[in-house]
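# Inside the fold
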Amino acid sequence: MITTVTLNPAIDKVCATQGLRLGNVNRMESVTNIAGGKGVNVAKILRQYGYEVAALGFIAGYSGAFVADYLRTIGVATDFIAVSGETRVSTNIIGADGYTTEILEPGPKIEEEELAAFLAGFAEWLPKSELVVLSGSVPQGVGAHIYAELTDTVNASGKKAIVDTSDELLVNAAGKKPYMIKPNLAELEYMVGRRLKGLDAAVEAIRGLVDSGIGHVLLSLGEKGVLYAKEGAKEVLYAKPPKLKALNTIGCGDSVVASFCISQLEGHDMEETLRRAVAISATAASLPGIAESDKEKAEELYKDIEVRAIT
Ligand SMILES: Nc1ncnc2c1ncn2[C@@H]1O[C@H](COP(=O)(O)OP(=O)(O)OP(=O)(O)O)[C@@H](O)[C@H]1O
Ligand SMILES: [Mg+2]
């Protein structure tokens, strides 16, 4: 069982219109509602590959019920704490004029007893979980040490914590030495407190993180691919996706995380773990949906991905 934590899920509402005009009636030509949030995306991909997944976190109101219902329809075991208010709807209005407008809601505020209920539920799922994915932003009322605290709990139980978040949430969690982190370049720069120009600077930075006690660091670099440093490995590995037409790169980072989980369960070595992560995430980029996969397409790409060792 892989347990995913999404403290701040969302409905990603994607609307298409000719153009948005402030102060006017704006009619949408199409609207799609997608259950989202980083942990939800990881769960979606893992289910497409047939793995057993549980999804934990907070949901609120009708939009929260939509997210949890969707996860259940794809076979995810859900155990969300229901709180008052409404789960966020993140509205993305795509205009034919080329402009995209995003409208982001604050989401519910979590009370102390609700957080305590979540922590109690988390402790119950932990013995059943081989891997625990902690990802995304957090709602109001949840502090910047939450993933650090959860990482501690996971480590203490001998399980593996996989962390994908940003800013102080990431810095604090990294201090507790999770099993794996998956920053992108901006997140890594925040962690090390400096700009990283070029591959060599990034390699040095992720080596430093592994030396500090983090088991695996997968640095995702968008269309440039992924750098992978692992505790005890002499070389840092780098792999680049083939050139492809990207249709939707939202959630591609989540597919790197999902792929890493699969490789852990399947016992893949470092090279195969990296090649698969690049193949699955590049496939996700080439598909129009969010956190979508296509096993056959990923298999095709996998064959063409070359891994370079950096000593
Ligand atoms: N345009 C692209 N072409 C091919 N592969 C891509 C492209 N964009 C992303 N990918 C693949 O997806 C991986 C993750 O993407 P990225 O580094 O943008 O993640 P991210 O910034 O964490 O995004 P998010 O948090 O929205 O999921 C990349 O390392 C790469 O393998
Ligand atoms: Mg990301």
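Here the structure is a predicted model, which is why all the values come from computation and not from measurement. Along each chain, the written sequence defines residue order, and numbers are assigned to residues from 1. Chains and ligands are labelled by the order in which they are written, letters from A for the one and numbers from 1 for the other. Since the coordinates come from a predicted model, pLDDT governs what is reported: local features require at least 70, and pairs of side-chain atoms require 80 or more to be given and counted, while whole-chain, interface and lining totals use all residues. Computation of side-chain values: all heavy atoms of the structure, hydrogens and water removed.

This part is about the environment of A148. Segments assigned H or I by DSSP are reported as helices when at least four residues long, segments assigned E as strands when at least two residues long, and all are numbered from the N terminus. Position of A148 relative to the elements: it lies in helix 4 (residues 146–156). Remark: exposure states derive from per-residue accessible area (1.4 Å probe, protein chains only) relative to the maximum for the residue type, with buried under 20%, exposed over 50%, and partly exposed in between. For A148, a relative accessible area of 3% corresponds to the buried category. A contact between two residues is defined here by any heavy atoms of the two lying within 4.5 Å. With residues near it in sequence (within four places) discarded, A148 still touches N172, A173 and K176.

All right, on to the site of ligand 1 then. Around ligand 1, a shell composed of 21 residues is seen, among which K38, S220, G222, G253 and S281 lie nearest. In this structure, G251 approaches ligand 1 through a main-chain N or O atom, which is 3.4 Å from an oxygen atom. In protein, a polar contact requires one atom able to donate a hydrogen and another able to accept it; more generally it is a pair of N or O atoms within 3.5 Å, and residues adjacent in sequence count only if both atoms are side-chain atoms. Within the backbone of C252, an N or O atom sits 3.4 Å from an oxygen atom of ligand 1. Protein burial of ligand 1: of its 640 Å² of free accessible surface, 86% is covered by the chains. Any residue with an atom within 4 Å of a point lines the site, the site being either a cavity, points on a 1 Å grid over the protein atoms alone where a 1.4 Å probe fits but cannot get out, or a pocket, an open set with protein on both sides within 12 Å along at least 5 of 7 lines. Grid points define the cavity or pocket, and a molecule sits in it when more than half of its atoms lie within 2 Å of them. With respect to the pocket detection grid, ligand 1 is positioned in the largest pocket. Among the elements that make up the shell around ligand 1, the one with the highest residue count is helix 8 (residues 252–266) (four residues). Among the residues forming the shell around ligand 1, the class breakdown is nine nonpolar, eight polar and four charged. Being near a molecule or strand, for a residue, comes down to having at least one heavy atom within 4 Å of it. Surface exposure here means Shrake-Rupley accessible area, sampled with a 1.4 Å probe, where a residue is shielded only by the protein chains that are shown. Lys, Arg, Asp and Glu make up the charged group, whereas Ala, Val, Leu, Ile, Met, Phe, Trp, Tyr, Cys and Pro make up the nonpolar group; the residues left over, Gly among them, are polar.

Before going further, it helps to spend a moment on the pairing of strand 1 (residues 2–6). Among the five residues in strand 1, five count as buried, and that is most of the element. Alternating residues of strand 1 divide into I2, T4 and T6 and T3 and V5, and every residue in both groups is buried. In short, DSSP must find at least two bridges between two strands for them to pair. Relative to strand 8 (residues 131–135), strand 1 runs parallel, the two being bridged by four bridges. Opposite I2, over in strand 8, you have L131 as the bridge partner.

A few words on the UniProt feature "domain: Carbohydrate kinase PfkB" (unreviewed entry) in the protein. When the UniProt feature table is mapped onto this chain numbering, "domain: Carbohydrate kinase PfkB" (unreviewed entry) sits at residues 11–293. Split by type, residues 11–293 is 39% helix and 24% strand. Its first and last C-alpha atoms lie 19 Å apart. UniProt positions are given in the numbering used here, feature names are shortened, and annotations may be inferred rather than shown by experiment.

Taken in spatial order, the 10 strands of this open sheet run 5-4-1-8-9-10-11-12-13-14, and their pairing is mixed. Either end of the sheet is taken by a strand with one partner, and the two such strands are strand 5 (77–83) and strand 14 (307–310). Sheet topology places strand 4 (residues 53–60) next to strand 5; seven bridges connect them, and they run parallel. Across the sheet, the residue bridging to L56 is D79, located in strand 5. Under this scheme, a helix contributes an axis fitted over its contacting stretch, all axes are lines through C-alpha atoms, and angles between N-to-C directions fall in the 0 to 180 degree range. Where helix 3 (residues 112–125) meets the sheet, it contacts strand 1, strand 4, strand 5 and strand 8, and its direction lies at approximately 175° from that of strand 4. Sitting on the sheet, helix 9 (residues 270–286) touches strand 11 (216–220), strand 12 (226–230), strand 13 (236–239) and strand 14, and the angle it makes with strand 12 is about 150°.

Further remarks concern the packing of helix 5 (residues 167–174) against helix 6 (residues 185–192). It is at 9 Å that the axes of helix 5 and helix 6 come closest, and there the two elements cross at 65°. Read as a crossing pair, helix 5 and helix 6 show a hand that is right-handed. Contacts between helix 5 and helix 6 involve D167, E168, L170, V171 and A174 from the first element and E187, Y190 and M191 from the second. Its residues placed into classes, the contact of helix 5 with helix 6 shows five nonpolar, no polar and three charged. When the near helix sits turned anticlockwise from the far one by under a right angle, the crossing is termed left-handed; a clockwise turn instead gives a right-handed crossing.

Moving on to the pattern of salt bridges. Salt bridges, as used here, are contacts in which a Lys or Arg side-chain nitrogen is within 4 Å of a carboxyl oxygen on Asp or Glu. Throughout the structure, instances matching the rule amount to seven salt bridges. Residue D69 pairs with R72 through a salt bridge whose shortest N-O separation is 2.8 Å. Taken together, the positions of D69 and R72, both in helix 2 (residues 61–73) and three residues apart, correspond to about one turn of that helix. In this structure D69 comes out as partly exposed when scored by relative accessible area, which is 41%.

Grid points are joined across faces, edges and corners, and a volume is the space filled by probe spheres set on the points. Taken as a whole, the largest pocket spans an internal volume of roughly 1200 Å³. Only strand 2 (10–17), helix 1 (38–48), strand 6 (88–95), helix 8 and helix 9 provide two or more residues apiece to the lining of the largest pocket. Residue composition of the lining of the largest pocket, by class: 17 nonpolar, 20 polar and 13 charged. Size it by volume and the second largest pocket reaches roughly 160 Å³. If you go around the second largest pocket, you meet 13 residues; those closest to its centre are Y49, I262, R276, I280 and E299. Counting residues per element, the ones that place at least two in the lining of the second largest pocket are helix 8, helix 9 and helix 10 (295–304). For the lining of the second largest pocket, the element with the most residues is helix 10, which contributes four residues.

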